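Structural characterization, general
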Amino acid sequence: PHTGQLALYLLGLRATCPPASPHRTLVTWLKYYLEEDWTGSRQHGHPLSNYYQYGLGVLALCVHGKRVREEVIQRLLSAQHRGRLGHSDSTVDTEAVVALAFTCLEQRRLVGTGLAAKLRVAAHGASRSMAEAQGPDGVIGNIYSTPWALQVFLATGMCQTEPAFSQAMAALLENLEAFSTAATMAQVLPVLHGRSYLDIISMHCQEEPDTLTPLDIEPPAEVPGNKTVQLVVECPLPWCYELRLYDHPVSVPAAASFLAVLRAAAALEPHDFKFHTQDTSQGPFLTHVLGLEARREKRNYWQLLTAPNTPLQMGIADYIPQDGETLILRLSEW
């Protein structure tokens, strides 16, 4: 199911102030995908995609003023109550998206009074949970989940009373260079203007000036020389025949990204290293390494780390390793 992708598209479409409403069919498709997505619960106990995409679907329908079946909402409430919304850092993203959906449904009065009260309590509970997840550096979850958390504080009005808000905003301003893709920029831009995705509901489109102009951006300057990075592949799962599957130095240009390191490793004789990626709105996503596939159905993924055990906060296309650094690809479960 394309639940999350279609939801983001519909949110963006609403924000562009379209002159008419030609997207009625897309809304119908999103409702269909929400139902199809949930068929996975019969076998796996969770949506075929994940609760993040499922929550995005509910949020997008609400922003477009469409009612959602109470059963769909109850699924999210139940998942939040049972603590099944995600794992590690991704819990913040998912909790935030779900909390925004709950706040939208309650504020737009698209549900009954009794359910609205439950949604309000759940949204504020998620806000408190995110405040408790804040690290000493002000980041909530990781740098990419922090804008989601800030949107929840803004949408629920807790930005005025929650100390975590100002600390997280300060951390965000110190790390703006991390938001280099369209998808991540879309998450952080509303927050920088003190807004959340819920604010596109009340936009006065006739007052929007048509002032957008192309921006000429100079390419980054070439960094001379090369660097050598140690590339390690680990599989600590019980069914792997050994922990360390690959350990080899890779020489690349000084400005090369993690993705360039992987490509250089794949080009080395005797071609022992192989990998595959999948294009997503967040950039390339690592799916196969050395023939081992990370599959959502198996609840595993390729975790990106630097030695000895520091998870990366960027994707393979964005992270620029340092000379002498050790990069680790670890097949992990969630």
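In this text the structure is predicted, and so the values were computed from the model without any measurement. (Residues numbered from 1 in each chain as written. Predicted model: local features only at pLDDT ≥ 70, side-chain atom pairs only at ≥ 80, totals over all residues. Heavy atoms only, no water.)

Some details on the pattern of salt bridges
Enumeration over the complete set of coordinates arrives at eight salt bridges. A salt bridge links Glu-71 to Arg-69, with the nearest nitrogen and oxygen atoms 2.8 Å apart. Glu-71 gets classed as partly exposed once you look at its relative accessible area, which sits at 42%. Between Arg-244 and Asp-247 there is a salt bridge, and its shortest N-O distance comes to 3.0 Å. (Salt bridge = Lys/Arg side-chain N within 4 Å of Asp/Glu carboxyl O. Buried < 20%, exposed > 50% of the residue type's maximum accessible area, 1.4 Å probe, protein only.)

Considering the packing of helix H8 (residues 146-156) against helix H9 (residues 163-174)
Where H8 meets H9, the closest approach of the two axes is 10 Å, and the angle between their N-to-C directions is 145 degrees. For the crossing formed where H8 meets H9, the hand is left-handed. Residues Thr-146, Pro-147, Leu-150, Phe-153 and Leu-154 of H8 lie in contact with H9, whose contacting residues are Ala-164, Phe-165, Ala-168, Met-169 and Leu-172. When the residues that make up the contact of H8 with H9 are grouped by side-chain class, the tally is nine nonpolar, one polar and no charged. (Axes fitted to C-alpha atoms, helices over the stretch in contact; angles between N-to-C directions. Helix = DSSP H or I, 4+ residues; strand = E, 2+ residues; numbered from the N terminus. Left-handed = near helix turned anticlockwise from the far one by under 90°. Contact = heavy atoms within 4.5 Å. Nonpolar A, V, L, I, M, F, W, Y, C, P; charged D, E, K, R; others polar.)

Section: the state of the cysteines
This model, assessed by the stated rule, comprises one disulfide. Disulfide pairing is shown between Cys-62 and Cys-104; the S-S distance is 2.0 Å. Note on the Cys-62 and Cys-104 pair: the S-S dihedral is about -100 degrees, so by sign convention the disulfide is left-handed. Of this pair, Cys-62 sits in helix H4 (residues 51-63) while Cys-104 sits in helix H6 (residues 90-107), and the two are 42 residues apart along the sequence. Judged by relative accessible area, which is 0%, Cys-62 ranks as buried. Note on Cys-104: relative accessible area 1%, which makes it buried. (Disulfide = S-S within 2.5 Å.)

A look at a nonpolar patch on the surface
Residues Leu-173, Leu-176, Met-185, Leu-189 and Leu-192 make up a contiguous nonpolar surface patch of roughly 410 Å² in combined accessible area. Here the nonpolar patch takes three residues from helix H10 (residues 182-192), the largest share from any one element. Take Leu-176: it is sitting in the loop between H9 and H10. (Patch = residues over 30% accessible without salt bridge, like charges linked within 9 Å, V, L, I, M, F, W, Y side chains within 5 Å. Areas by Shrake-Rupley, 256 points an atom, 1.4 Å probe, with all protein chains shown as cover.)

Examining the sheet that holds strand E8 (residues 326-333)
Here five strands make up an open sheet; going across it, the order is E2-E1-E8-E6-E7 and the pairing mixed. If you trace the sheet from one side to the other, it starts and ends with strand E2 (244-253) and strand E7 (310-311), each paired once. Here strand E1 (residues 226-234) pairs with E8 via five bridges, running parallel. Residue Val-233 lies in a different strand from E8, and its bridge partner there is Leu-329. Along the sheet face, helix H11 (residues 258-267) touches E1, E2, strand E6 (300-306) and E8 and points at about 105 degrees away from the line of E2. (Pairing = 2+ DSSP bridges.)

Here we look at the pairing of E6
Of all seven residues that make up E6, six are buried, and the element is covered over most of its length. Across seven bridges, the pairing between E6 and E8 is antiparallel. In the sheet register, Leu-305 faces E8, and the bridge partner there is Ile-328. As paired elements, E6 and E7 share two bridges and run antiparallel to each other. Note on E7: the bridge partner recorded for Thr-306 is Thr-310. Hairpin connection of E6 to E7: three residues between the antiparallel strands.

Here's the deal with the nonpolar core
If you look at the biggest cluster of nonpolar residues, it comprises 73 residues, and the most contacted ones within it are Leu-59, Phe-102 and Phe-153. Discounting chain neighbours no more than four positions away, the residues touching Phe-102 are Ile-73, Leu-76, Leu-77, Gln-80, Leu-119, Ala-122 and Ala-123. In terms of nonpolar packing, the next biggest core, distinct from the first, is built from 30 residues, Leu-259, Val-261, Ala-294 and Ile-316 among them. (Core = buried A, V, L, I, M, F, W, Y, C linked by side-chain atoms within 4.5 Å.)

Looking at unusual backbone geometry
A cis amide bond, omega 5 degrees, links Glu-269 with the succeeding residue Pro-270. With respect to the element layout, Pro-270 can be found in the loop between H11 and strand E3 (275-280). A cis geometry characterises the amide bond from Ala-307 onward to Pro-308, with omega recorded as 5 degrees. Tracing the chain through its elements places Pro-308 in the loop between E6 and E7.

Describing the sheet that holds E3
With antiparallel pairing, three strands are arranged side by side in an open sheet as E3-E4-E5. Only two strands of the sheet have a single neighbouring strand rather than two, namely E3 and strand E5 (292-293). Against the sheet, H11 makes contact with E3 and strand E4 (283-289), and its axis sits at roughly 150 degrees relative to E3, the strand it touches most.

Section: helix H7 (residues 113-132)
Along its 20 residues, H7 runs 29 Å from first to last C-alpha, staying within 8% of the 28 Å computed at 1.5 Å per residue. Burial in H7 covers these residues: Leu-115, Ala-116, Leu-119, Ala-122, Ala-123, Ala-126, Ser-127, Met-130 and Ala-131. (Expected span 1.5 Å × (residues − 1).)

Observations regarding the environment of Ile-143
Mapped onto the elements of the fold, Ile-143 is located in the loop between H7 and H8. A residue is classified by how much of its surface remains accessible, and Ile-143, at 5% relative accessible area, is buried. In the structure, Ile-143 is positioned 25 residues away from Ala-168 in sequence and 9.2 Å away in space, judged by C-alpha atoms. Here Ile-143 is in contact with Ala-171, Leu-172, Asn-175, Ala-178, Phe-179 and Gln-313, once residues within four sequence places are set aside.

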